[in-house]
Amino acid sequence: MVTWTDISGIKQKIAESSAEEVTASYLEKIGKSCINGFVRTWDRALEVAKAIDAGDQEGPLAGVPIAIKDNISTTGLSTTCSSKILQGYVPPYDAHVIGKLRDAGAVILGKTNMDEFAMGTSTESSYYGATLNPWDTDRVPGGSSGGSAAVVAAGEAPVSLGSDTGGSVRCPAAFCGVVGLKPTYGCISRYGLISYANSLEQIGPLATCVADIAALMDVIAGHDHRDSTSINRENNYSEALKDDVNGLKIGVPEEYFGEGIDEGVEKAVWDAIGKYEDMGASWKKISMPHTKYALASYYIIAMSEASSNLARFDGTRYGFRADGDNWHVMASNTRAEGFGDEVKRRILLGTYALSAGYHDRYYLKALKVRTLVKQDFDRALSEVDVLMGPTMPTPAFKIGEKIDDPLSLYLADVNTVPVNLAGVPSISVPCGFSEGMPVGLQIIGKHFDENTIIRAAYSFEQNTAHHTRRPREVV
Amino acid sequence: MVYENPDGVKIGLEVHVQLNKLKTKLFCGCSTDYHNDEPNTHVCPVCLGLPGSLPVINERAVEFAIRIGLALSCEIVEQTQFHRKNYYYPDLPKGFQTTQYDYPIASKGKVIIEGEDGERVIRITRAHMEEDPGRLQHIGTIEKSKGTLINYNRSGMTLIEIVSEPDMRSPKEARRYLDKLRSILDYLDVFNGDLEGAMRVDANVSVFGGERVEIKNISSFKGAERALLYEIMRQKNHVRRGGEIVMETRHFDEARGVTISMRTKEAEHDYRYFPEPDLVPLRVAERAPEIQKALPELPDARRERFLRQYEMSNMHARALTNEIKVADFYEDVAGKVNPKDAAVWVADILRGELNYRDLGIDAFAAKDIVTIIELVTENRITEQSGVEVIRTILDHGGKPQDIVKDKGLLKVEDDIVAKAVKEAIAENPEAVTDYLGGKEKSLNFVVGKVMQKTKGRADAREVRERLVKDLNDQS
Ligand SMILES: [Zn+2]
């Protein structure tokens, strides 16, 4: 069995040995890994750990190793969005969250694999090849933060950061049997997160337990003047770690159990809701009528924003550059050779959706649908405290099973994307197994009410044993 | 007399004004003081468009924009929003320009100019904020360039684009409009028009109610006038030969003084505008009253005041108020000498000498012109000598008093004494008669009168000798 160590366990180990030894043991494990979760490790990790041992750096995460998704900028450590087009790009600045982590004493182990530019649900579209699911190496770890979830599940890092544009933290958390949080839009500064779809995405933590999610949030959340969409709001997340759901009102959107849902997933989720009832919560079915339009709205908005965000990758200033007789040819060749198929597909579709004559029919309409989806959430969350449903309609699928069928891949995001359209927070926690693969329970809360979903998730964890199962050691 | 506008000329202008008096750029903290520095030394992740960087609005830039809007008698929008204008060009580091689209910060204003037939109102369509791109520099000539270098120091500078209605009927009116705009902006203290690229002009022009043609690449006001003259001639000739004017964009070749069709489908460019998701909408209307209150006196108001307060001619008032520096200079001088004399000396003489040398008013010290005016009005030097002193200062430097001495311009001192002696003799016939009658002492009285007239500057013994000589000659 893989060994999982949470932050308190890490701190104990550091007390018994040293931060350097703890980091070294993780680096050793990463060195032997065959799941392709890390795309590169940081050559200064041990140095940082030594400094912690020397007392040069203190903080709530002193000596705690962490894995970072490859789209979060790290000074001196290549950040490529797992794309060929950013090969060789080393950011000259830290993302806001990275600065926070460094200040808190965390030791960055390296960068984790992802779908190229976070565009995917399986981590198969990475320039570095697919990451394997530690529970079954024939299966995908989910995506797009597949590497960040897989390395935590495989015991190669105690905690990690991912980003969630349409489910990219929650999906791999569910598929890999770990905990993942998508915070409220504006909760964490996006400064330094390489944009895929700015109006939808948030950085989010992944961990083996809810307490570690709260510990990470206490470090990385908060206002940053460099991100105009970040909100100035004080909160203590660890205070929410209470085993108490007495009187909690749960809404269960019937639309989240739609066509194509896996029976095992359905059962695990209903069992979980039953468990909450046992623990003193109440639940009722609730309707979110615009859920069926959310996917279309999400993909049009995300692709439109992406088509513009990715325009800067032209080989002129950084990263990969192809040959060409003049600038236009060079830029065109760079993009043709540097982007993978899925990225090109989304740039083309996004460009199309924003084009004159189609703009109103697609982009504007998608914005209107987005408003309706938001209203669904406002209405539902005025009746109940949280919403619950399956994070993913199925357990992790086989590698190669869907990669050639983009539409079926997009459909897998059906329960996660509405949350991003609405900007509300959502956490995925392990709630059972189907076909031997982990199932995730999604708990959605009100804007900036992370504490209620953290409390609900924590209580569930305290009263169930799903999170105690471990994948077998992959060799 | 009414201007007939025989060719039905309609000219509209789009003027880009770089607000280089802001200390920092539009969306980042980089200094705007780059004009004398090495390329790419005033850059950061934001203005280089590095992956993951985010814009943050410069509040002072918003204030400047409102100030400009108000000075152009515009309405200030309730809430403004930035959009992305998507197109590829190497000087554009993000692959889009952040600009204002359907919610420009200011609209529906006017500028009053001296038109072909008296005062004329030029309507302002809109004034919006946007970021400046970087600058391309070709190695060698553009035809035989070995490569192109990009300097991003300019990237992210704040621009205000001021768009007029096609209300100008001749290149002369266009020139007057540009001069007036520059004058207003100078008064607002928002930019230094002398810095390279501070004001850039695009023009559109049509004749006989035909299609309008855009002219780009105009780098000076003189250039604008020349480009328009050429283009109107070209269109008229074309129509006379039975041709039809097509809507197109033409490039102004400054060296040859001609416009050249760019043969690109510029008009069909699809910029795929959409709201910038990284910047939140900005409420601005409520800031306008405060800013309105603090607006400085503008050229038209100052001209009116000069007419009233200093009783000068309309022509002088106009000449002295066009440039704020000249107006300040004049008021400085007018506080020390007769304002009417000051108007003649500053508006006619000094400005003429400065124009001839292509110098600004800064090239001359107010205290020097005060000295010169005093010397002239006290009859110590002639007006011609006064002009000579100005020329000498401008060409060789020096102090007025020294120049007067060195050049012997004060020779006229003799004339003053001679004149005073003649006057004293004519005005005091009794004393003269007494002296001639043998009363030697009566001469002292006349000497005293001369001394009074020359304000004591004359030498008493010299005066006595001259008196004796004159009286002897007379008798
Ligand atoms: Zn900058």
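Cut-offs used in this document
- Residues numbered from 1 in each chain as written.
- Chains lettered and ligands numbered in written order.
- Predicted model: local features only at pLDDT ≥ 70, side-chain atom pairs only at ≥ 80, totals over all residues.
- Heavy atoms only, no water.
- Helix = DSSP H or I, 4+ residues; strand = E, 2+ residues; numbered from the N terminus.
- Rg over C-alpha atoms; globule rule 2.2 N^0.38 Å.
- Buried < 20%, exposed > 50% of the residue type's maximum accessible area, 1.4 Å probe, protein only.
- Contact = heavy atoms within 4.5 Å.
- Lys, Arg positive; Asp, Glu negative; His and termini not counted.
- Charge placed at Lys NZ, Arg CZ, Asp CG, Glu CD.
- Areas by Shrake-Rupley, 256 points an atom, 1.4 Å probe, with all protein chains shown as cover.
- Phe/Tyr/Trp six-rings, centres within 6.5 Å; stacked < 30°, edge-to-face > 60°.
- Lys NZ or Arg CZ within 6 Å of the ring centre and 35° of its normal.
- Domains from an automatic or database assignment.
- Buried area = accessible area lost by both parts, 1.4 Å probe.
- Salt bridge = Lys/Arg side-chain N within 4 Å of Asp/Glu carboxyl O.
- Polar contact = N/O pair within 3.5 Å; in protein donor to acceptor, adjacent residues only side chain to side chain.
- Nonpolar A, V, L, I, M, F, W, Y, C, P; charged D, E, K, R; others polar.
- Donors = N, O, S within 2.8 Å, 3.2 Å for Na, K, Ca; no water.
- Tetrahedral: all angles 85-135°; square planar, octahedral: opposite > 155°, others 65-115°.
- Patch = residues over 30% accessible without salt bridge, like charges linked within 9 Å, V, L, I, M, F, W, Y side chains within 5 Å.
- Pairing = 2+ DSSP bridges.
- Right-handed = clockwise from strand over helix to strand, strands pointing away.

> Lay out the overall build of chain A with the relevant residues and their values.
Counting its secondary structure elements, chain A contains 15 helices and 11 strands. In terms of overall size, chain A behaves like a compact globule, its C-alpha atoms giving a radius of gyration of 21 Å where 475 residues would be expected to give roughly 23 Å. Summarising its shape, the C-alpha atoms of chain A cover approximately 70 × 60 × 45 Å along the three principal directions. By residue count, 63% of the 475 residues in chain A fall in the buried class. Here the contacts in chain A between residues at least 6 apart in sequence split such that 76% fall between residues at least 24 apart. Charge-centre separation for chain A: the mean point of 45 positive side chains lies 4 Å from the mean point of 59 negative side chains.

> Which residues make up the overall build of chain B, and what values go with them?
Broken down by element type, chain B carries 15 helices and 16 strands. The C-alpha radius of gyration of chain B comes to 31 Å, more than 25% above the 23 Å expected for a compact globule of 475 residues. Here the C-alpha coordinates of chain B stretch approximately 105 × 55 × 50 Å along the principal axes. Counting across all 475 residues of chain B, residues that qualify as buried make up 52%. Expressed as a percentage of contacts within chain B between residues at least 6 apart in sequence, the contacts between residues at least 24 apart total 69%. Carbon and sulfur atoms form 49% of the exposed surface of chain B, whose accessible area is close to 23,200 Å². One way to put it: in chain B the 70 positive side-chain charges average out to a point 1 Å from where the 79 negative ones average out.

> With reference to specific residues and values, describe the packing of aromatic side chains.
All names here are of chain A. As enumerated under the stated definition, the model contains 25 aromatic pairs over all chains in all. On the numbers, 5.7 Å between centres and 65° between planes, the contact of Y127 with Y128 is edge-to-face. The class for Y127 is partly exposed, based on a relative accessible area of 45%. Overall, Y128 belongs to the partly exposed group, its relative accessible area being 25%. Both rings, one in F313 and one in Y318, keep their centres 6.2 Å apart while their planes meet at 80°; by these two values the pair is edge-to-face. Both residues of the pair, F313 and Y318, count as buried. Site record: aromatic cluster; members linked through ring pairs are Y89, F117, F313, Y318 and F339. Its guanidinium or amino end placed over the ring of F320, K84 lies 4.7 Å from that ring's centre, counting from NZ or CZ. When the ring centre of F433 is taken as reference, the NZ or CZ atom of R469 above it lies at 3.7 Å.

> How would you summarise the environment of F433 of chain A if you had to cite specific residues and measurements?
Residues and elements named next belong to chain A. Within the element layout of this structure, F433 appears in strand β10 (residues 426-434). Taking the relative accessible area as the measure of exposure, F433 reaches 22% and is therefore partly exposed. On a C-alpha basis, the gap between F433 and T208 in space is 16 Å, while along the polypeptide they are 225 residues apart. Every residue in contact with F433, bar those within four places of it in the chain, is listed here: W135, P438, V439, H466 and R469.

> Just give me the short version of the domain arrangement of chain B, but keep the residues and values in it.
When the parts come together, some accessible area is lost, and that loss is often what is quoted as the size of the interface. Each assigned domain of chain B is listed with its residue range as follows: domain 1 (10-292), domain 2 (299-407) and domain 3 (414-474). Once you take the C-alpha centre of each, domain 2 of chain B and domain 3 of chain B turn out to be 36 Å apart.

> Report on the side chain of D314 of chain A, specifying residues and quantitative values.
All names here are of chain A. With respect to the element layout, D314 can be found in the loop between α9 (291-309) and α10 (327-338). For D314, a relative accessible area of 2% corresponds to the buried category. For D314, the residues in contact, after removing those within four places along its chain, are W327, M330, A331 and T334.

> If you had to explain the interface of chain B and chain A to someone new, which residues and values would you point to?
Counting residues at the interface gives 32 residues for chain B, matched by 37 residues for chain A. Taking both partners together, chain B and chain A bury about 2,700 Å²; carbon and sulfur atoms supply 58% of that area. Seen at the junction of chain B and chain A, the total is one salt bridge. A salt bridge links D278 of chain B to R190 of chain A; its shortest N-O distance comes to 2.9 Å. Inspection of the region where chain B meets chain A yields 19 residue pairs in polar contact (both at pLDDT 80 or more). Elements supplying a minimum of two residues to the side of chain B that touches chain A: β4 (82-86) and β15 (274-275) of chain B. The class makeup of the residues in the side of chain B that touches chain A is 22 nonpolar, five polar and five charged.

> Any chance you could break down the coordination of the zinc ion for me, citing the residues and the numbers?
Residue and element names in this part refer to chain B. Coordination of the zinc ion by the protein is provided by C28 (SG), C30 (SG), C44 (SG) and C47 (SG), with metal-donor distances spanning 2.3 to 2.4 Å. Taken together, the four donor atoms coordinating the zinc ion and their angles of 101 to 115° define a geometry best described as tetrahedral. In the primary sequence, the donor residues of the zinc ion line up as C-x1-C-x13-C-x2-C. Here C44 lies in the loop between β1 (10-18) and α1 (59-71) and C28 lies in the loop between β1 and α1, a separation of 16 residues in the sequence. In this pair, the class of C28 matches that of C44, namely buried.

> Break down the pattern of salt bridges for me, citing the residues and quoting the values.
Overall, the coordinates contain 70 salt bridges over all chains when judged by the stated rule. For D376 of chain A, the salt bridge identified is with R379 of chain A, shortest N-O distance 3.4 Å. Separated by three residues within a single helix, D376 of chain A and R379 of chain A lie in helix α12 (residues 360-383), roughly one turn from each other. Since its relative accessible area comes to 41%, R379 of chain A is described here as partly exposed. Among the charged side chains, a salt-bridge network with shared partners connects R190 and D227 of chain A together with R84, E276 and D278 of chain B.

> Tell me about a negative patch on the surface, residues and numbers included.
Residue and element names in this part refer to chain B. A contiguous patch of negative charge on the surface is contributed by D414, D415, D459, E462 and E465. Contributing elements (two or more residues each) for the negative patch: α12 (412-427) and α15 (460-474). Of note, D415 is situated in helix α12. The partly exposed category is assigned to D415, whose relative accessible area is 48%.

> How would you sum up the pairing of strand β11 (residues 437-444) of chain A? Please name residues and give values.
Residue and element names in this part refer to chain A. Buried residues dominate β11, accounting for eight of its eight residues. Bridging between strand β9 (residues 386-390) and β11 involves four bridges; their strand directions are antiparallel. Considered in β11, the bridge of G389 is made with Q442.

> Could you give an account of the pairing of strand β13 (residues 248-253) of chain B, with specific residues and numbers?
Residues and elements named next belong to chain B. Counting buried positions along β13 gives five out of six residues, so the element sits mostly inside the fold. Examined bridge by bridge, strand β12 (residues 213-218) and β13 share four bridges and lie parallel to one another. The partner of E214 across the bridge, within β13, is T249. Taken together, β12, helix α3 (residues 221-240) and β13 form a β-α-β motif whose crossover is left-handed. Where β13 meets strand β14 (residues 258-261), four bridges bridge the pair, whose relative direction is antiparallel. Bridge pairing links H251 to I260 in β14. Linking two consecutive strands that pair antiparallel, namely β13 and β14, is a turn of four residues; a positive phi of about 70° is found at G257 within it.

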